[in-house]
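Each chain, written out:
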Amino acid sequence: MLWIKALHIVFIASWFAGLFYLPRIFVNLAMVAPDSTAERARLLLMARKLYKFMTILAVPALALGLWLWLVYGIGRGPGQGWMHAKLLIVLLLIGYHHGCGLILRKFEAGRMERSHVWFRWFNEAPVLMMLAAVILVVVKPF
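All of these numbers come straight from a predicted model, not from anything done at the bench.

Draft legend 1. Looking closely at the nonpolar core. Counting 32 residues, the largest nonpolar core has Leu22, Phe26, Phe107 and Phe119 as its most contacted members. Of all the elements in the fold, those that place two or more residues in this core are helix 1 (2-31), helix 2 (37-70), helix 3 (81-109), helix 4 (116-122) and helix 5 (125-139). The leading source of residues in this core is helix 3, at nine residues. Contacts of Phe107, omitting those with residues within four sequence positions, involve Phe26, Leu29, Ala30, Arg40, Leu44, Met112 and Phe119.

Rendered as structure tokens:
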């Protein structure tokens, strides 16, 4: 079980690296001057590659987490309300990840109208979700 848990943590940390960095690329894309096609193309290429890579990382992160929950029973049984809250956060993270993909497609189509300031705030969501998930897993407040 400890190997599964260790790998789960590694893949979660790697997935979060992408969730932290991709919106920073969006900040830069939102600031690109309309006539700077080379800069825009380079940032879009970076964003596409990162999105694909972080999607690949999310799959084993989620699969290993399910393994810990369903096979080893971590978070199952009475008095495990923290796990339900953590699973809600996981669902929100999956939605955030999907939302990043939708935003990327809008940038690629030239239809993104949000400002770099909006993306700076958007970038804070995974930080808050990670903070909440770590507190729930370590402290197990309920």
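Draft legend 2. Inspection of the packing of aromatic side chains at higher detail. Within the structure shown, the criterion is met by nine aromatic pairs. Summarising the aromatic geometry, the rings of Trp15 and Phe16 are spaced 6.2 Å apart at their centres and angled 50° between planes, so their arrangement reads as tilted. Among the residues examined, Trp15 registers a relative accessible area of 2% and is labelled buried. Its relative accessible area of 5% is what places Phe16 among the buried residues. Relative to Phe122, the ring of Phe119 lies with its centre 6.3 Å away and its plane at 90°, an arrangement referred to as edge-to-face. Here Phe119 pairs with Phe122, and both are found in helix 4, just three residues apart, close to one helical turn. Like Phe122, Phe119 is buried. What links up through ring pairs into an aromatic cluster is the set Phe26, Tyr96, Phe107, Trp118, Phe119 and Phe122. If you follow Arg114 out to its NZ or CZ, it ends over the ring of Trp118, 4.2 Å from the centre. Over the ring of Trp82 we find Lys140; its NZ or CZ atom is 4.6 Å from the centre of that ring.

Draft legend 3. Region of interest: the pattern of salt bridges. Within the structure shown, the criterion is met by one salt bridge. One salt bridge in this structure joins Arg48 and Glu108, with 2.9 Å as the shortest N-O distance. Taken as a pair, Arg48 in helix 2 and Glu108 in helix 3 lie far apart in primary sequence, 60 residues in all. Residue classification places Arg48 among the partly exposed residues on the basis of a relative accessible area of 32%. With relative accessibility at 32%, the residue Glu108 sits in the partly exposed group.

Draft legend 4. Geometry of helix 5. Taking 1.5 Å per residue, 15 residues should reach 21 Å; helix 5 reaches 21 Å between its end C-alpha atoms and fits that length. Within helix 5, burial applies to Pro126, Met129, Ala133 and Leu136. Down the axis of helix 5, the sector holding all buried residues measures 95°, keeping them to one side. Exposed residues on helix 5 whose side chains face more than 90 degrees from its buried face are Leu128, Val138 and Val139.

The rules we used
Residues numbered from 1 in each chain as written. Predicted model: local features only at pLDDT ≥ 70, side-chain atom pairs only at ≥ 80, totals over all residues. Heavy atoms only, no water. Core = buried A, V, L, I, M, F, W, Y, C linked by side-chain atoms within 4.5 Å. Buried < 20%, exposed > 50% of the residue type's maximum accessible area, 1.4 Å probe, protein only. Helix = DSSP H or I, 4+ residues; strand = E, 2+ residues; numbered from the N terminus. Contact = heavy atoms within 4.5 Å. Phe/Tyr/Trp six-rings, centres within 6.5 Å; stacked < 30°, edge-to-face > 60°. Lys NZ or Arg CZ within 6 Å of the ring centre and 35° of its normal. Salt bridge = Lys/Arg side-chain N within 4 Å of Asp/Glu carboxyl O. Expected span 1.5 Å × (residues − 1). Arc of directions from axis to C-beta.

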